[in-house]
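Results of the structural survey
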Amino acid sequence: MAATPSRLILHHHNHLNVCFKPSVAAVIAAAKSHHAKLLLSLPQLRFLSPLSIRTSDRRFPTPSQSRALSSHSSSPSPLETHPEVNEAAGTSSSGRSGSLPSPQNGADAPERIDVNPPRGTRDFPPEEMRLRNWLFQNFKEVSQLFGFEEVDFPVLESEALFIRKAGEEIRDQLYCFEDRGNRRVALRPELTPSLARLVIQKGKSLPLPYKWFTVGQCWRYERMTRGRRREHYQWNMDIIGVPEVTAEAELISSIVTFFKRIGIKQSDVGFKVSSRKVLQEVLKSFNIPETLFSRVCIIIDKMAKIPLDAIQGELRSTGMSEESIHQLLEVLSVKSLAALEEKLGSRGEAVADLKRLFSLAEKFGYSEWIQFDASVVRGLAYYTGIVFEGFDREGKLRAICGGGRYDKLLSTFGGDDIPACGFGFGDAVIVELLKEKQLLPELNFEVENIVCSLDPDLQGGASMVASILRQKGQSVDLVLENKPLKWVFKRAARINARRLVLVGSSEWQRSMVAVKILSTGEQYEIKLDELE
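Residues numbered from 1 in each chain as written. Predicted model: local features only at pLDDT ≥ 70, side-chain atom pairs only at ≥ 80, totals over all residues. Heavy atoms only, no water.

Looking now at the overall build of the protein chain. When helices and strands are tallied, the protein chain shows 17 helices and 19 strands. Within the protein chain, buried positions represent 44% of all 532 residues. Relative to all contacts within the protein chain whose residues are 6 or more apart in sequence, the contacts with residues 24 or more apart total 66%. Element-wise, carbon and sulfur atoms account for 50% of the exposed surface of the protein chain, whose accessible area totals about 29100 Å². (Helix = DSSP H or I, 4+ residues; strand = E, 2+ residues; numbered from the N terminus. Buried < 20%, exposed > 50% of the residue type's maximum accessible area, 1.4 Å probe, protein only. Contact = heavy atoms within 4.5 Å. Areas by Shrake-Rupley, 256 points an atom, 1.4 Å probe, with all protein chains shown as cover.)

So this is what it looks like as structure tokens:
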């Protein structure tokens, strides 16, 4: 059956006019009239005729071709393809055919996308973003209290930066790929290697020590649990160039300060502290080669995660004897410095460093927050001395934070070794802890002013008032549409506005505006130049 030709229906003062082949100028004029309602009704068009529009260059039919087209032709008419008409009617001519698109049937409709973020990642709508900003602001303020400077690094780094010694869990968790320049790159899984790269880059151009902090996003493809995602933000503080244990004591003090600021108490969390040198001294006493040290550390780091039999089996696979395994596990079960000293003696560096740290903790005032635990070694291969982990005392969550000394990291990247220590503190576990302790802050969106015009013709005046207030440092929510006052008051309540500024005709003629203090209901008029 032949298709019905396009027709233009204009509703105007209750009269209906059906116009075939109207002039373009008449259509544009009618469409732009605020009394007219334009409806273009089109059939489903099939462009099978050689006279139809070419998709490659969007040519229109020639006048002779247009005249040759029957009023029942399936090709589009010049009216349908004229861009000015489309623009006036509120439709688009950007389709591949250059004509108005035909109605889509169900089969051709675009499939709805998955509106959830990729597994293991997060969106941050306004309420979540306020919490994130609050947390990050506390990270930054504590860092600045301790005299640290902020730095940052690219999220995308060279893959080689994170591939160190075999066996590290993090090696198998990289989001890595080859870019278009055939370079192996990775989304950073942690921040310390990037910091080491920057330290090597700067060389001797900056005086030591460096006291740097950063808050950045990290990516790891790992099994998700409570407080563990495939992306997270991490707060790092690092001290470069200080070999003494005073650096570690300062770092732990900064974390304790942060906990106190957000309401976390010593009864809620604590720190397990040990030293990699403890493990070194035990292995050395059994003539275990240093080449196995990193591998043994990675195994020991799993002690809280897998059964003891499995730990023993992995240690046997390194070539350790049954006696050395027994002695090692016995030392790692020690929970006091006095007992450690009995096992290792008082001459070793491990005991001396730990005793110094606990002495400094008393001076800093956080001795009740820390405890010795020889089993803490941390899983990353680059740690060389004191190591520590923050934990919740109820044992419901994974480690809150962790860090330690890494004096030999720079040489693994070809630089000169510099004494260094630092910590990483993720954003996910601490939020879970705050929920557990019912300490999440109530962070409402707040705006100082909401400005509204009472007449559409005064929208420019309302914009002027908003600009005056913003120039004086006040936040303003400007009502951008002609809305009834009932809507404006509801909006003001939702955004917790402090006051409402109304721009009305009589006041504006006198260069004044009306102000209402929303918390008290007080109302007054004020001159524009006196508005504060």
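After presenting the structure, the write-up continues.
Right, let's talk about the environment of Arg393 for a bit. Along the chain, Arg393 turns up in the loop between β12 (386-392) and β13 (401-405). Taking C-alpha positions, Arg393 is 9.0 Å from Gln266, a pair spaced 127 residues apart along the chain. Setting aside anything within four residues of it in sequence, one finds Arg393 in contact with Gln266, Ser267, Asp268, Val269, Gly270, Glu368, Trp369 and Gln371. Reaching out from Arg393, the side chain makes a polar contact with the backbone oxygen of Gln266 at a distance of 2.6 Å. Within polar-contact distance, the side chain of Arg393 engages the backbone oxygen of Val269 at 3.1 Å. (Polar contact = N/O pair within 3.5 Å; in protein donor to acceptor, adjacent residues only side chain to side chain.)

Right, let's talk about the side chain of Ser274 for a bit. As for its placement among the helices and strands, Ser274 is situated in strand β10 (residues 269-275). When its relative accessible area of 0% is taken as the criterion, Ser274 is described as buried. Apart from residues lying up to four places away in sequence, Ser274 is in contact with Leu354, Phe372, Asp373, Ala374, Val376, Gly385, Ile386 and Val387.

Put simply, helix α7 (residues 246-261) and helix α13 (residues 349-364) touch, their axes get as near as 9 Å, and they point 45° apart. Considered as vectors, α7 and α13 are oriented oblique to each other. Judged by the twist between their axes, the crossing of α7 over α13 is right-handed. Residues Thr246, Glu248, Ala249, Glu250, Ile252 and Ser253 of α7 touch α13, and the partners they reach there are Arg356, Leu357, Leu360 and Phe364. (Axes fitted to C-alpha atoms, helices over the stretch in contact; angles between N-to-C directions. Parallel < 35°, antiparallel > 145°, perpendicular 65-115°, else oblique. Left-handed = near helix turned anticlockwise from the far one by under 90°.)

Under the criterion given, the structure shown has 25 salt bridges. For Asp427, the salt bridge is made with Arg122, and the minimal N-O distance between the two is 3.0 Å. Of the two residues, Asp427 sits in helix α14 (residues 427-436) while Arg122 sits in the loop between α4 (83-89) and α5 (126-145), which places them 305 residues apart along the sequence. Each member of the pair Asp427 and Arg122 is classed as buried. A salt bridge links Lys396 to Glu394; its shortest N-O distance comes to 3.3 Å. Counted as one network, the salt bridges with shared partners bring together Asp268, Glu394, Lys396, Glu436 and Lys437. (Salt bridge = Lys/Arg side-chain N within 4 Å of Asp/Glu carboxyl O.)

Moving on: the sheet that holds strand β15 (residues 449-453). Across the sheet, five strands lie side by side as β16-β15-β17-β18-β19; this open sheet has mixed pairing. Of all strands in the sheet, those with a lone pairing partner are β16 (476-478) and β19 (523-527), marking the two edges. Across the sheet, the mean angle from the axis of one strand to that of its neighbour is 25°, orientation sign disregarded. Against the sheet, helix α15 (residues 459-471) engages β15, β16, β17 (499-503) and β18 (512-517), with an angle of about 170° to β16. Here helix α16 (residues 485-494) sits on the sheet and contacts β15, β16, β17 and β18; the angle it forms with β15, its principal contact strand, is near 170°. (Pairing = 2+ DSSP bridges.)

There is a patch of nonpolar side chains on the surface, built from Leu454, Leu485 and Phe489 and spanning about 250 Å² of accessible area. Residue placement: Leu485 occurs in helix α16. With a relative accessible area of 36%, Leu485 lands in the partly exposed category. (Patch = residues over 30% accessible without salt bridge, like charges linked within 9 Å, V, L, I, M, F, W, Y side chains within 5 Å.)

This brings us to the nonpolar core. Counting 76 residues, the largest nonpolar core has Phe259, Phe271, Phe425 and Ile430 as the members making the most contacts within it. The biggest single contributor to this core is α7, with eight residues. Discounting chain neighbours no more than four positions away, the residues touching Ile430 are Leu135, Phe258, Phe259, Ile262, Ile400 and Phe425. (Core = buried A, V, L, I, M, F, W, Y, C linked by side-chain atoms within 4.5 Å.)

Another aspect to go through is the packing of aromatic side chains. With the rule as written, the count across this model stands at 20 aromatic pairs. Look at Phe136 and Tyr233: their rings are 5.3 Å apart centre to centre, the planes differ by 55°, and that puts the pair in the tilted class. Taken together, the positions of Phe136 in helix α5 and Tyr233 in strand β9 (residues 231-240) put the pair 97 residues apart, joining distant regions of the chain. Between the aromatic rings of Tyr210 and Trp212, the centroid separation amounts to 4.7 Å while the plane-to-plane angle is 5°, which identifies the pairing as stacked. A relative accessible area of 3% means that Tyr210 is categorised as buried. Its relative accessible area of 6% is what places Trp212 among the buried residues. Residue placement shows Arg230 over the ring face of Tyr221; its charged tip is 4.0 Å from the ring centre. Positioned over the ring face of Trp487 is Lys483, at 5.1 Å from the centre of the ring. (Phe/Tyr/Trp six-rings, centres within 6.5 Å; stacked < 30°, edge-to-face > 60°. Lys NZ or Arg CZ within 6 Å of the ring centre and 35° of its normal.)

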